[in-house]
Amino acid sequence: MKILVLDDETKIQGILKGRLEMDGHEVFTAESGEAGLAIINEQKPNLLLLDLSLKGHLSGRDVLAEVKKTNPQVQVVVVTGYVEAESEEFQQLGASGLLKKPLNLADLDAIVKQLGNSSQPAA
């Protein structure tokens with residue numbers, strides 16, 4: 001599966017990229033919303049792991065709205081350290097799930113497996 005990790009923390013990008021590549025996924029990384037959207041348009045990932053805090057002018061919420069408008073086939077999992085983040089809010093915006101920081105890699109594995117089994121490859 002093609003996965004984009006969009007997070008402003010390079011350490012988090014590295015952890016996620018390493019774990020996902022170890023499981024056989026093709027992983028792209030970016031730290032700004034603008035760079036992330038460019039990768040989505042070029043690479044057509046199946047899954048976007050999206051942090052709410054990003055570098056650049058676009059927030060994670062902005063990116064989620066844009067992805068759901070222009071590339072609705074991309075499944076989005078919001079990854080956030082915000083304690084008050086509620087999965088219902090993000091599901092209403094089109095997210096497929098929510099992972100809270102600090103990340104539990106078993107939770108990551110479970111959600112990627114679940115979404116991978118339910119998703120169709122992007123065209």
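Look a little higher up for the structure.
Calculation rules
Residues numbered from 1 in each chain as written. Predicted model: local features only at pLDDT ≥ 70, side-chain atom pairs only at ≥ 80, totals over all residues. Heavy atoms only, no water. Pairing = 2+ DSSP bridges. Helix = DSSP H or I, 4+ residues; strand = E, 2+ residues; numbered from the N terminus. Axes fitted to C-alpha atoms, helices over the stretch in contact; angles between N-to-C directions. Contact = heavy atoms within 4.5 Å. Core = buried A, V, L, I, M, F, W, Y, C linked by side-chain atoms within 4.5 Å. Buried < 20%, exposed > 50% of the residue type's maximum accessible area, 1.4 Å probe, protein only. Salt bridge = Lys/Arg side-chain N within 4 Å of Asp/Glu carboxyl O. Parallel < 35°, antiparallel > 145°, perpendicular 65-115°, else oblique. Left-handed = near helix turned anticlockwise from the far one by under 90°. Nonpolar A, V, L, I, M, F, W, Y, C, P; charged D, E, K, R; others polar.

1. Considering the pairing of strand β2 (residues 26-30)
Turning to step 1, where the next piece is worked out: Summarising the sheet, strand β1 (residues 2-6) and β2 pair through five bridges and their orientation is parallel. Bridge pairing in β2 links L6 to A30.

2. Describing the sheet that holds strand β5 (residues 97-100)
Paired through backbone hydrogen bonds, the strands of a sheet run either parallel or antiparallel to each other.
Turning to step 1, where the next piece is worked out: Spatially, β2-β1-β3-β4-β5 is the arrangement adopted by the five strands of the open sheet, whose pairing is parallel. This sheet does not close on itself; its edge strands, each paired only once, are β2 and β5. On average, each strand axis in the sheet is inclined to that of its neighbour by 20°, with strand direction left out of account.
Turning to step 2, where the next piece is worked out: Relative to the sheet, helix α1 (residues 10-22) contacts β1, β2 and β3 (47-51), its axis offset from that of β2 by approximately 170°.
Turning to step 3, where the next piece is worked out: The strands touched by helix α3 (residues 60-70) within the sheet are β1, β3 and β4 (75-80), with β3 carrying the most contacts at an inclination of about 155°.

3. Describing the nonpolar core
Turning to step 1, where the next piece is worked out: In terms of nonpolar packing, the biggest core is built from 20 residues, with L48, L50, V63 and V67 touching the most fellow members.
Turning to step 2, where the next piece is worked out: At the level of secondary structure, the elements contributing two or more residues to this core comprise β1, β2, α2 (33-43), β3, α3 and β4.
Turning to step 3, where the next piece is worked out: Leaving out residues up to four positions away in the same chain, V67 has contacts with L37, I40, L48, P72, V74 and V76.
Turning to step 4, where the next piece is worked out: With 15 residues, the next largest nonpolar core counts I3, L20, V27 and L49 among its residues.

4. As for the pattern of salt bridges
Turning to step 1, where the next piece is worked out: In the structure shown here, the tally under the stated rule is seven salt bridges.
Turning to step 2, where the next piece is worked out: E66 is the partner of K69 in a salt bridge, and the nearest nitrogen-oxygen pair spans 3.5 Å. Here E66 and K69 lie together in helix α3, a separation of three residues that amounts to about one turn.
Turning to step 3, where the next piece is worked out: Within the structure, one salt-bridge network assembled from shared partners comprises D7, E9, D51 and K101.

5. Comments concerning the environment of L49
Turning to step 1, where the next piece is worked out: Mapping L49 onto the fold places it in strand β3.
Turning to step 2, where the next piece is worked out: Taking the relative accessible area as the measure of exposure, L49 reaches 2% and is therefore buried.
Turning to step 3, where the next piece is worked out: Separated by 15 residues in the primary sequence, L49 and L64 place their C-alpha atoms 10 Å from one another.
Turning to step 4, where the next piece is worked out: Every residue in contact with L49, bar those within four places of it in the chain, is listed here: I3, L4, V5, L6, L16, L20, V77, V79 and L108.

6. Examining the packing of α1 against helix α5 (residues 105-118)
Turning to step 1, where the next piece is worked out: Closest axis-to-axis distance for the α1/α5 pair is 11 Å, and the angle between their directions is 55°. Looking at the two axes, α1 sits oblique to α5. Crossing geometry of α1 relative to α5 is assigned as right-handed. Listed contacts from α5 to I15, L16, R19 and L20 of α1 are L105, L108, D109 and V112.
Turning to step 2, where the next piece is worked out: Counted by class, the contact of α1 with α5 contains six nonpolar, no polar and two charged residues.

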